[in-house]
Amino acid sequence: MTTTASPRPPTAPAQGPAGPTGPGARRAAARRRSGSARTAWLYLLPALAVLGGLLVYPIYQLGLISFLEYTQAQVSGGRPTSFKGLGNYRALFSDPQFWQVLLATVLFAAACVLVTLTVGCALAVLLTRVRALPRLALMLAALGAWATPAVTGSTVWVFLFDPDHGPVNRVLGLGDFSWTYGRYSAFALVLAEVVWCSFPFVMVTVYAGIRAVPAEVLEAAALDGASQWRIWRSVTAPVLRPILVVVTIQSVIWDFKVFTQIYVMTAGGGIAGQNLVLNVYAYQKAFASSEYSLGSAIGVVMLLILLAVTLVHLRLLRRQGEEL
């Protein structure tokens, strides 16, 4: 008696935890990822085109002009444009005034960032402690300061501290004291105006982050006997660290390139240029002295400084295991 062997069922492809893992399945997954990537780039293409026109091309032109001899003679066509290489940068770095202005810019920006973050974080915590009506009034006042154009806000502050007609000197009994005459008093006045128009961004952003902190964590810390300062330092601040990184980097970029407030409130940089910062210094070199290539070189230096600060900050955070 002979027996007929039953046909063996076809071998099924190897199954992994997430489905088929054979070569065909891997190729299909790779094609799906490639298609998703192409779709994402297609969605991003309009924004990238706008950024290329508004950001990349001007930066390219800025760098190009910084390597040329480009003054009023070249603009008017009286002389041909010539390539200077690093000549503009050598002239810039050999100018003692550049280093004085750079130091003043760094110190002024650091002070603005520190005060802005302190005021913004303090008011964000205050918003979590007050009732709805005072919170709404504070939010509206802050957003009003944030929405005020820089030229308008600077002009109003100059009037408030005017030595002849300003109400601040009358209230404080300072007589005809001029806030913009002295170097440090002028910088302090501009700092106050910069903080006034910058702290609402920090306040609103940090307040939103505080509201996102789980209430159970805060209640547990309070039950353990932690003070409000200890809760902020040990519980809230670590949770808000990614947000604080964003507002810090944004504040550094904004305050390092301050132009309008200095130019309006100190009449172009103060007496004998005592209140110059890099942005105003570049403007004077490029447009007041018609040394457009030198002004472009200052702009490139500012761009590289801000890029280096941002990259170093992000790298330090990545080493600490923080995710943005």
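For the structure itself, consult the block above.
Here the structure is a predicted model, which means the values were calculated and not measured. (Residues numbered from 1 in each chain as written. Predicted model: local features only at pLDDT ≥ 70, side-chain atom pairs only at ≥ 80, totals over all residues. Heavy atoms only, no water.)

### Quick word on the overall build of the chain
Counting its regular elements, the chain contains 13 helices and four strands. Within the span of the chain, comprising 324 residues, buried residues form 33% of the whole. Put simply, 66% of the contacts in the chain that link residues at least 6 apart link residues at least 24 apart. By element, 67% of the accessible surface of the chain is carried by carbon and sulfur atoms, the whole surface being about 20,000 Å². (Helix = DSSP H or I, 4+ residues; strand = E, 2+ residues; numbered from the N terminus. Buried < 20%, exposed > 50% of the residue type's maximum accessible area, 1.4 Å probe, protein only. Contact = heavy atoms within 4.5 Å. Areas by Shrake-Rupley, 256 points an atom, 1.4 Å probe, with all protein chains shown as cover.)

### Concerning the pattern of salt bridges
Scanning all chains against the criterion turns up one salt bridge. R79 is the salt-bridge partner of E69, the closest N and O atoms lying 3.4 Å from each other. With E69 in strand 3 (residues 68–69) and R79 in the loop between helix 2 (72–76) and strand 4 (82–83), the pair connects residues that are 10 residues apart, well separated along the chain. Classification of E69 by relative accessible area gives partly exposed; the value is 22%. Of the residues examined, R79 reaches a relative accessible area of 46% and is grouped as partly exposed. (Salt bridge = Lys/Arg side-chain N within 4 Å of Asp/Glu carboxyl O.)

### Quick notes on helix 6 (residues 150–160)
For helix 6, every residue scored as buried is listed here: G153, S154 and W157. All buried residues of helix 6 fall inside an arc of 100 degrees around its axis, so they share one side. (Arc of directions from axis to C-beta.)

### Some remarks on the nonpolar core
With 36 residues, the main nonpolar core has L92, F98, F108, F256, I262, L278 and Y281 as its most contacted residues. The set of elements that each furnish at least two residues to this core consists of helix 3 (87–93), helix 4 (96–127), helix 8 (183–211), helix 11 (260–265), helix 12 (278–288) and helix 13 (292–319). Excluding anything up to four places from it in sequence, F108 contacts F187, V190, L191, V194, V258 and V277. Membership of the second largest hydrophobic core comes to 19 residues, among which are V113, V206, Y207 and W232. (Core = buried A, V, L, I, M, F, W, Y, C linked by side-chain atoms within 4.5 Å.)

### Focus: the layout of surface pockets
Volume-wise, the largest pocket comes out at about 550 Å³. Put simply, the parts of the chain that give the lining of the largest pocket at least two residues each are helix 1 (23–66), helix 12 and helix 13. Sorting elements by how many residues they give to the lining of the largest pocket places helix 13 first, with eight residues. Grouping the amino acids of the lining of the largest pocket by side-chain chemistry returns 16 nonpolar, five polar and one charged. (1 Å grid on protein atoms, 1.4 Å probe; cavity = no way out; pocket = protein on both sides within 12 Å on 5 of 7 lines; lining within 4 Å. Points joined across faces, edges and corners; volume = space filled by probe spheres on them. Nonpolar A, V, L, I, M, F, W, Y, C, P; charged D, E, K, R; others polar.)

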